[in-house]
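# Commentary on secondary and tertiary structure
Spelled out, the chains give:
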Amino acid sequence: MPRTVEDVSPSGPGRDRPGGTATLAGRPVGRIGFGAMQLPGPGVWGPPRDVGRAVDVLRKAVELGVNHIDTAQYYGRGVANELIRTALHPYPDDLVLVSKVGADRDADGGWVHAQRPEQLRAGVEANLSSLAVGRLDVVNLRLLGPGEAGEVDLDDQLAEMVALRDEGKIGAIGISNVTADQLRRALPVGLACVQNPYSVLDRSGEPLLQLCREHDLAWVPFFPLGSAFARIPKVTDHPVVIGAAQSLVATPAQVGLAWLLAHDPRIMLIPGTSSPDHLAENVATRHLKLDADTMAMLDSLT
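All of these numbers come straight from a predicted model, not from anything done at the bench.

## Brief notes about the overall build of the chain
Helix and strand counts for the chain come out as ten helices and eleven strands. The C-alpha atoms of the chain give 18 Å as radius of gyration, which agrees with the globular expectation for 302 residues (19 Å, within 12%). Viewed in the frame of its principal axes, the chain has a C-alpha envelope of about 50 × 40 × 40 Å. For the chain, buried positions account for 53% of its 302 residues. Considering only contacts in the chain between residues 6 or more positions apart, those separated by 24 or more positions represent 74%. A total of about 12,800 Å² of accessible surface is found on the chain, and carbon and sulfur atoms cover 52% of it. Each charge class in the chain was averaged separately, 28 positive and 36 negative side chains, and the resulting centres sit 2 Å apart.

So, in structure tokens, the structure goes:
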């Protein structure tokens, strides 16, 4: 049967972090963190159907050793951050809160760009207020695709992020949805991490991961298990992944996450869920070791 919460080591002063420990912005974090995007209501908009369950999921994540939570003010237009604050404030000293700026939501829940320097600053201020903190450990600058309407000069955006860091409002700068050329342009400001799509079925980000290796940056993939969005293959639907999961007495999601952990030590995971059972399964991935034959089989998928 798939691993359950009972397979996960309990919390305590000497507990191991899920997936082992890596460094993010100079802070030790478990390589299996938690992404808050799925906590708001449908379409990442408005409150969840069960607020109490969402709060319980966050508290359970910390209880299971998670100390890296990824969020954004525009997840539910403040809902995700409010849930984090309700569940965890005052925050544990070792909790690393990571947010992102560069987008917003309109009154109808539509996704809109917020790329101008003054919008980036407003986004950081909104995160600080809703999370009730004086500083965010890391803020990712989420870029638009090249040539996409609303694109703002990268140097202007980076200058504003550096100013916010110098003012002590953010501890470190990350960058998201970035090309290799954009990453190279951003490197001189001093980065902590890169967030881009990446999974066992989508290795298009491998050149960016290589840059992270060369510059000692954390690689935090979004869509680590694919997505229901078009052209983004779902890892858990692939027959090879399903077969490996059956052989290992695990879930397909655990196999996909375990491959990422084994692929490179700089990879940190932020799988999101609103289900306590799925949370426990994700964290229990730390117990799943992929043998050489399984790794070779998964490596060959692209």
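There's plenty left to go through after this.
## Considering helix H10 (residues 292-299)
Inspection of H10 places Thr294, Met295 and Leu298 among the buried residues, and these make up the whole buried set. The buried residues of H10 occupy an angular sector of 100° when projected down its axis, which confines them to one face. Turned more than 90 degrees off the buried face of H10, the exposed positions are Ala292 and Asp293. The elements touched by buried residues of H10 are helix H7 (239-248) and helix H8 (252-263). Near the N-terminus of H10, the side chain that reaches the backbone nitrogen of Asp293, with its oxygen 3.0 Å away, is that of Asp291.

## Some details on the sheet that holds strand S9 (residues 170-176)
Taken in spatial order, the seven strands of this open sheet run S3-S4-S5-S8-S9-S10-S11, and their pairing is parallel. This sheet does not close on itself; its edge strands, each paired only once, are strand S3 (34-35) and strand S11 (218-219). In this structure, strand S4 (residues 68-70) lies alongside strand S5 (residues 96-101), joined through three bridges in parallel fashion. Across the sheet, Ile69 pairs through a bridge with Leu97, a residue of S5. Contacting S5, strand S8 (136-142) and S9, helix H4 (residues 154-166) runs over the sheet at an angle of about 155° to S9.

## Remarks on the pattern of salt bridges
The final tally for this structure, using the stated rule, is twelve salt bridges. With its nearest N and O atoms 3.1 Å apart, the salt bridge here joins Glu63 to Lys60. Note that Glu63 and Lys60 are positioned in helix H1 (residues 51-63) at a spacing of three residues, about one turn of the helix. Residue Glu118 is joined to Arg116 by a salt bridge in which the shortest nitrogen-to-oxygen separation is 2.7 Å. Residue class for Glu118 comes out partly exposed when judged on its relative accessible area of 47%. Here the salt bridges do not stand alone but share partners, grouping Arg121, Glu160 and Glu167 into one network.

## Side note on the confidence of the model for the chain
For the chain, the mean per-residue pLDDT works out to 92, and 92% of the residues sit at or above 70. In the model, residues 1-14 has pLDDT below 50 throughout and makes 29 contacts with residues more than four positions away in sequence or in other chains.

## Here's the deal with the environment of Val133
Within the secondary structure layout, Val133 lies in the loop between helix H3 (117-131) and S8. Excluding residues within four positions of it along the chain, Val133 makes contact with Tyr91, Leu97 and Leu128.

## Some details on the packing of aromatic side chains
Per the counting criterion, the structure on display carries five aromatic pairs. Relative to Trp219, the ring of Tyr198 lies with its centre 5.6 Å away and its plane at 85°, an arrangement referred to as edge-to-face. Placement of the pair is Tyr198 in the loop between strand S10 (193-195) and helix H6 (206-215) and Trp219 in strand S11, with a sequence separation of 21 residues. In this pair, the class of Tyr198 matches that of Trp219, namely buried. Its end group placed over the ring of Trp111, Arg105 keeps NZ or CZ at 3.8 Å from the ring centre.

## With respect to the pairing of strand S2 (residues 27-30)
In this structure, strand S1 (residues 21-24) lies alongside S2, joined through four bridges in antiparallel fashion. Each residue of the ladder has a partner; that of Leu24, found in S2, is Arg27. Hairpin geometry of S1 and S2 is characterised by an intervening segment of two residues between the two adjacent antiparallel strands and by a positive phi of about 55° at Ala25.

## Brief notes about the nonpolar core
In summary, soluble globular proteins display a tendency toward joint burial of nonpolar side chains. If you look at the biggest cluster of nonpolar residues, it comprises 80 residues, and the most contacted ones within it are Phe34, Ile84, Met161 and Leu183. Beyond its immediate chain neighbours, meaning those up to four positions away, Phe34 contacts Leu39, Val57, Leu58, Val66, His68, Ile69, Asp70, Leu269, Ile270, Pro271, Thr273 and Leu279. Listed in part, the 13 residues of the second largest apolar core include Val138, Ala192, Cys193 and Val220.

## Points about the packing of helix H2 (residues 79-88) against H3
Interaxial distance between H2 and H3 falls to 8 Å at its minimum, and their mutual angle equals 35°. Contacts from Asn81, Ile84 and Arg85 in H2 reach Asn127, Ser129, Ser130 and Leu131 in H3.

## Thoughts on H8
For H8, which comprises twelve residues, the first-to-last C-alpha distance of 17 Å matches the rise-based estimate of 16 Å (1.5 Å per residue) to within 8%. Most of H8 is tucked away, with nine of its twelve residues classed as buried. When H8 is considered as a whole, its buried residues turn out to be Ala253, Gln254, Val255, Gly256, Leu257, Ala258, Trp259, Leu260 and Leu261. For H8, the secondary structure elements touched by its buried residues are H7, helix H9 (276-284) and H10.

About the cut-offs
Residues numbered from 1 in each chain as written. Predicted model: local features only at pLDDT ≥ 70, side-chain atom pairs only at ≥ 80, totals over all residues. Heavy atoms only, no water. Helix = DSSP H or I, 4+ residues; strand = E, 2+ residues; numbered from the N terminus. Rg over C-alpha atoms; globule rule 2.2 N^0.38 Å. Buried < 20%, exposed > 50% of the residue type's maximum accessible area, 1.4 Å probe, protein only. Contact = heavy atoms within 4.5 Å. Areas by Shrake-Rupley, 256 points an atom, 1.4 Å probe, with all protein chains shown as cover. Lys, Arg positive; Asp, Glu negative; His and termini not counted. Charge placed at Lys NZ, Arg CZ, Asp CG, Glu CD. Arc of directions from axis to C-beta. Polar contact = N/O pair within 3.5 Å; in protein donor to acceptor, adjacent residues only side chain to side chain. Pairing = 2+ DSSP bridges. Axes fitted to C-alpha atoms, helices over the stretch in contact; angles between N-to-C directions. Salt bridge = Lys/Arg side-chain N within 4 Å of Asp/Glu carboxyl O. pLDDT = per-residue confidence, 0-100. Phe/Tyr/Trp six-rings, centres within 6.5 Å; stacked < 30°, edge-to-face > 60°. Lys NZ or Arg CZ within 6 Å of the ring centre and 35° of its normal. Core = buried A, V, L, I, M, F, W, Y, C linked by side-chain atoms within 4.5 Å. Expected span 1.5 Å × (residues − 1).

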